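# Reading the structure
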Amino acid sequence: MGESVGRVLAGWVPDWPVVAVLGREPEPQCLAAVTERGRILAASGGARAAGVRGGQKLRSAQAMVADLEVFDRDPDLEAQAFEPVADAVGALAAHLEVVRPGLLALAAAGAARFHGGEEALAERVVDAVEATGHPCRVGIADGLFAARLAARAQQIVPAGASARFLAPYPVAELGERRLADLLGRLGLATIGQFAALPAASVADRFGQSGVLAHRLARGLEARPVVARPPGADLTAEQRFDEPVLLAEPLVFTARALAERLHEHLAAAGLACERVDVEVECADGTTASRAWRHEGVLSVGAVAERVRWQLQAWQRRAVFDEASGGVVALRLVPDGLVRDPGRQLSLEDGDQEARARAERAVARVQAILGHSAPVTVDLAGGRAPGDRVVYTPWGDAHQERRADGPWPGRLPAPSPTHVPAQPAAVRLLDADGHDVEVSARAEIRSAPARLVLPGGVSRVVAWAGPWPEQERWWDPEQARRTARMQVVVNDGRALLLAVTGGRWIIEGDYDT
């Protein structure tokens, strides 16, 4: 008998990080983007029309669009601004889940029966979101993964047809970049081709991450849901002697509750993909919100989502003096799965010391946010900034790209400083014309002056250019860059890069 997968409605508000920082829907001509760790996280429609793409390096985007307005990501603001949207959709269904700010999900079967069918439910969700002042795309399919892609296409996928719907999509949509690259090299370009592989062979060749991706490709949930153990109370609750009116004390309590929740789950050999955050006020009123994680929720992920929710509720006066304040905070796990565990190697050292370090970093995450503490890995790459990969503590490491060969890689020595936001400059020849690099990687005239934000400097020495052409096979991500090293008259040595005719400072060699 095949595995049963519930019908899921996904509602998506495009470009939510941009909407949150602007405080409104961007105008068609708006050139704005939100960045996270030096890469474009989201861009306005106008910026995308000008060539800016998600995942693109910031310096490349700025070289392409000189007037691009750049904002750092603010997860707290995103969650607070999304609360009215979640409330509007939550009034249509008994149980709504926030996957992340900008994306929500709800079980479609019961809600569709109540509202007269899936098409009627989808229309009601769109109307509810648009009433808050935001556009919305809705999709319905078997399972959240297929529903998310269906929302992008604004499509209702018939029951049992999710695997067929997913088949034409590229394997990159599965969210595992390293796996997608490997599958591409093996000639498996689409989700359908990957889904056709035998499950046992996938487990042998690609490991646990491949097994989870293979389940998604077949239209299933990544992990089979398991029943709650009979009689098991997995809820973590904290009651307060004195009502609490501020979010900050609750956030610190939430961290301890998240650890207690995971202790309950670990004792039962379980993990959870969803958690309900509930508060009870002194006047008897309650508020709750379900949060979903696209993987298994860790302690840090739970604490971060609780913090977002509490701050959003405080902003909306859910637990103010009128309600008497919060007298109880509860975390209720849902979407239970078997705990995948973690296999330690002989090189892991003192496990108790490692556990203490993990607890300390987890507390920092609760205060500063999930993505604040990071681990740093060196990887292959052509540009200096490409070789450093930042991964939030506790998350799976991002892809470690091979160390070579890298045609067009910058020769040694590497810059000592790489700015997070490169400054735009002009490189001029002796006649005052912009220095251009031809398609054959040759400069048309020798550089003589460098126009910097603080003035003009004379170029006394230079080397290069070194050409770089990446992803020439993908029209949307293809990029051609050339780099030069220059020394100016005040002794500074700089690394310059040109993309689309615009020069930027990509690094300096100051000691």
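An account of the accompanying structure is given in this report. For clarity, every value in this text was computed on a predicted model and none was experimentally measured.

Cut-offs and rules
Residues numbered from 1 in each chain as written. Predicted model: local features only at pLDDT ≥ 70, side-chain atom pairs only at ≥ 80, totals over all residues. Heavy atoms only, no water. 1 Å grid on protein atoms, 1.4 Å probe; cavity = no way out; pocket = protein on both sides within 12 Å on 5 of 7 lines; lining within 4 Å. Points joined across faces, edges and corners; volume = space filled by probe spheres on them. Helix = DSSP H or I, 4+ residues; strand = E, 2+ residues; numbered from the N terminus. Nonpolar A, V, L, I, M, F, W, Y, C, P; charged D, E, K, R; others polar. Buried < 20%, exposed > 50% of the residue type's maximum accessible area, 1.4 Å probe, protein only. Phe/Tyr/Trp six-rings, centres within 6.5 Å; stacked < 30°, edge-to-face > 60°. Salt bridge = Lys/Arg side-chain N within 4 Å of Asp/Glu carboxyl O. Contact = heavy atoms within 4.5 Å. Core = buried A, V, L, I, M, F, W, Y, C linked by side-chain atoms within 4.5 Å. Patch = residues over 30% accessible without salt bridge, like charges linked within 9 Å, V, L, I, M, F, W, Y side chains within 5 Å. Areas by Shrake-Rupley, 256 points an atom, 1.4 Å probe, with all protein chains shown as cover. Lys, Arg positive; Asp, Glu negative; His and termini not counted. Charge placed at Lys NZ, Arg CZ, Asp CG, Glu CD. Pairing = 2+ DSSP bridges. Axes fitted to C-alpha atoms, helices over the stretch in contact; angles between N-to-C directions.

## Description of empty space enclosed by the protein
Under the counting rule described, the total for this entry stands at two cavities of 30 Å³ or more. A volume near 40 Å³ is recorded for the largest cavity. Around the largest cavity, the lining residues are Arg59, Ser60, Arg479, Thr481, Arg483, Ala497, Thr499, Ile504 and Glu506. Among the elements that make up the lining of the largest cavity, the one with the highest residue count is strand S17 (residues 479–488) (three residues). Looking at the lining of the largest cavity, its residues break down into two nonpolar, three polar and four charged.

## Describing the environment of Val361
Here Val361 is to be found in helix H14 (residues 351–368). Among the residues examined, Val361 registers a relative accessible area of 18% and is labelled buried. Sequence separation of Val361 and Gly300 is 61 residues, and the distance between their C-alpha atoms is 9.2 Å.

## So, the packing of aromatic side chains
Throughout the structure, instances matching the rule amount to four aromatic pairs. Residues Trp16 and Phe82 carry aromatic rings whose centres are separated by 5.2 Å and whose planes lie at 75 degrees to one another, so their mutual orientation is edge-to-face. You can see Trp16 sitting in helix H1 (residues 16–22) and its partner Phe82 sitting in helix H4 (residues 75–90), a full 66 residues away along the chain. Accessibility classification places Trp16 together with Phe82 in one group, the buried group.

## A word on the pattern of salt bridges
All chains considered together, the criterion is met by 24 salt bridges. For the salt bridge of Glu280 with Arg330, the shortest nitrogen-to-oxygen distance reads 3.3 Å. Taken together, the residues Glu280 in strand S9 (residues 270–281) and Arg330 in strand S11 (residues 326–338) connect sequence positions 50 residues apart. With relative accessibility at 16%, the residue Arg330 sits in the buried group. A salt bridge links Asp434 to Arg426; the shortest N-O distance between them is 3.1 Å. Among the residues examined, Arg426 registers a relative accessible area of 42% and is labelled partly exposed.

## Considering the environment of Gly38
When you line up the elements, Gly38 lands in the loop between strand S2 (32–36) and strand S3 (39–43). For Gly38, a relative accessible area of 36% translates into the label partly exposed. Once residues lying within four places of it in the same chain are set aside, the contact partners of Gly38 are Gln56, Lys57 and Leu58.

## Here's the deal with the nonpolar core
Where a protein is soluble and globular, its nonpolar side chains tend to be buried together. If you look at the biggest cluster of nonpolar residues, it comprises 62 residues, and the most contacted ones within it are Leu9, Leu106, Leu121, Val125, Leu310, Leu329 and Leu331. Beyond its immediate chain neighbours, meaning those up to four positions away, Leu121 contacts Leu9, Leu106, Ala108, Ala111, Ala112 and His115. Membership of the second largest hydrophobic core comes to 31 residues, among which are Ala10, Ala105, Ala146 and Leu149.

## Some points on a negative patch on the surface
There is a patch of like negative charges on the surface, built from Glu119, Glu123, Asp127 and Glu130. Topologically, Glu119 is positioned in helix H6 (residues 118–130).

## Quick word on the sheet that holds strand S10 (residues 286–292)
The strand order across the open sheet formed by eight strands is S7-S1-S6-S5-S10-S9-S11-S8, and the pairing between neighbours is mixed. A single partner strand is all that each edge strand has here, and the edge strands are strand S7 (137–142) and strand S8 (236–244). Adjacent strand axes in the sheet meet at a mean angle of 25 degrees when their direction is disregarded. Inspection of the sheet shows strand S5 (residues 96–100) paired to strand S6 (residues 103–107) by four bridges, in the antiparallel sense. Among the inter-strand pairings, Val98 is bridged to a residue of S6, identified as Leu104.

## Observations regarding the sheet that holds S2
Read from one edge to the other, the open sheet built from three strands follows the order S3-S2-S4, with strand pairing classed as mixed. For this open sheet the edge positions go to S3 and strand S4 (69–72), each flanked by a neighbour on one side alone. Ignoring which end each strand starts from, the neighbouring axes of this sheet average 40 degrees apart. As defined by bridge partners, S2 adjoins S4 across four bridges and the pair is classed as parallel. Bridging across to S4, Ala33 finds its partner in Val70.

Interpretation note: all reported values are geometric properties and have no functional meaning in isolation.
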